[in-house]
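Residue-level listing of the chains:
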Amino acid sequence: MTDDTAAIKNAIAEHKTLYFPSGHYIVTDTVTLKPDTVLIGLSPTTTQFDLPDSTPGFQGPGSPKALLEAPHGGTNIVTGIGLYTNGINSRAVGAKWMAGKDSLMDDVRFLGGHGTFGLSGSIYNNTNTADSNIK
């Protein structure tokens, strides 16, 4: 329920390697990695970066916006983390991976969109339209 974006960004600024235990980490802006950042989660099913629906910057017209971004040519490693863009963030993409040949994205699960199970179950409502207003 708490926005973890600032804490994650500060941790990336201060540390090369970060371990995320099981949990759903609420993110409301792009998490940009440094060229050597390593993110390790326990499991992409139980350790997730979750973008709430209707997050400003991920809505409306415009270019795609990444939940997680690795810099061009980096030696980044991301493993064991789920990237959940939710159901109606029209500009959201899970990752923009520009890291170099010595980088690794492994055991990462991309979640969100039509039909993905979220924190409170399926995004489908009783009419199977994925409309956030089930009335």
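Whatever comes next refers back to the structure up there.
Just so you know, these numbers come straight off a predicted model, no measurement behind them. (Residues numbered from 1 in each chain as written. Predicted model: local features only at pLDDT ≥ 70, side-chain atom pairs only at ≥ 80, totals over all residues. Heavy atoms only, no water.)

Draft legend 1. Examining the sheet that holds strand 3 (residues 31-32) more closely. Taken together, the three strands give an open sheet; going across it, the order is 3-6-9, and neighbouring strands pair in parallel fashion. Strands with a single pairing partner mark the edges of an open sheet, and in this sheet they are strand 3 and strand 9 (92-97). As paired elements, strand 6 (residues 65-70) and strand 9 share five bridges and run parallel to each other. Bridged to lysine 65 within strand 9 is alanine 92. (Pairing = 2+ DSSP bridges. Helix = DSSP H or I, 4+ residues; strand = E, 2+ residues; numbered from the N terminus.)

Draft legend 2. Representation of the nonpolar core within the structure. One finds Ile8, Phe20, Leu33, Leu39 and Phe49 to be the most contacted residues of the largest nonpolar core, which totals 22 residues. Of all the elements in the fold, those that place two or more residues in this core are helix 1 (5-14), strand 1 (17-20) and strand 6. The contact partners of leucine 33, leaving out residues within four places of it in the chain, are Ile12, Leu39, Leu68, Glu69, Ala70, Pro71, Asn76, Val78 and Trp97. (Core = buried A, V, L, I, M, F, W, Y, C linked by side-chain atoms within 4.5 Å. Buried < 20%, exposed > 50% of the residue type's maximum accessible area, 1.4 Å probe, protein only. Contact = heavy atoms within 4.5 Å.)

Draft legend 3. Structural view of the pairing of strand 4 (residues 38-41). Taken together, the four bridges between strand 1 and strand 4 define a ladder with parallel strand orientation. If you follow tyrosine 19 over to strand 4, its bridge partner there is isoleucine 40. As defined by bridge partners, strand 4 adjoins strand 7 (residues 77-79) across three bridges and the pair is classed as parallel. Opposite isoleucine 40, over in strand 7, you have threonine 79 as the bridge partner.

Draft legend 4. Expanded view of helix 1. Turning to helix 1, its buried residues number three or more, namely Thr5, Ile8, Ala11 and Ile12. Buried residues in helix 1, looked at end-on, bunch into an arc of 135 degrees, giving them a common side. Those residues of helix 1 that are exposed and angled more than 90 degrees off the buried face are Ala6, Ala7, Ala13 and Glu14. Buried residues in helix 1 make contact with strand 1, strand 2 (23-26), strand 3, strand 4 and strand 5 (47-50). (Arc of directions from axis to C-beta.)

Draft legend 5. Geometry of the environment of leucine 51. By the element assignment, leucine 51 lies in the loop between strand 5 and strand 6. When the C-alpha positions of leucine 51 and aspartate 3 are compared, they lie 9.6 Å apart, and in sequence the two are 48 residues distant. Setting aside its immediate chain neighbours within four residues, leucine 51 contacts Val27, Thr28, Phe58, Leu67, Tyr84, Thr85, Asn86, Asn89 and Ala92.

Draft legend 6. Up close: the side chain of threonine 55. Here threonine 55 lies in the loop between strand 5 and strand 6. Classification of threonine 55 as buried rests on a relative accessible area of 5%. Excluding residues that lie within four positions of it along the chain, threonine 55 makes contacts with Thr28 and Asn89.

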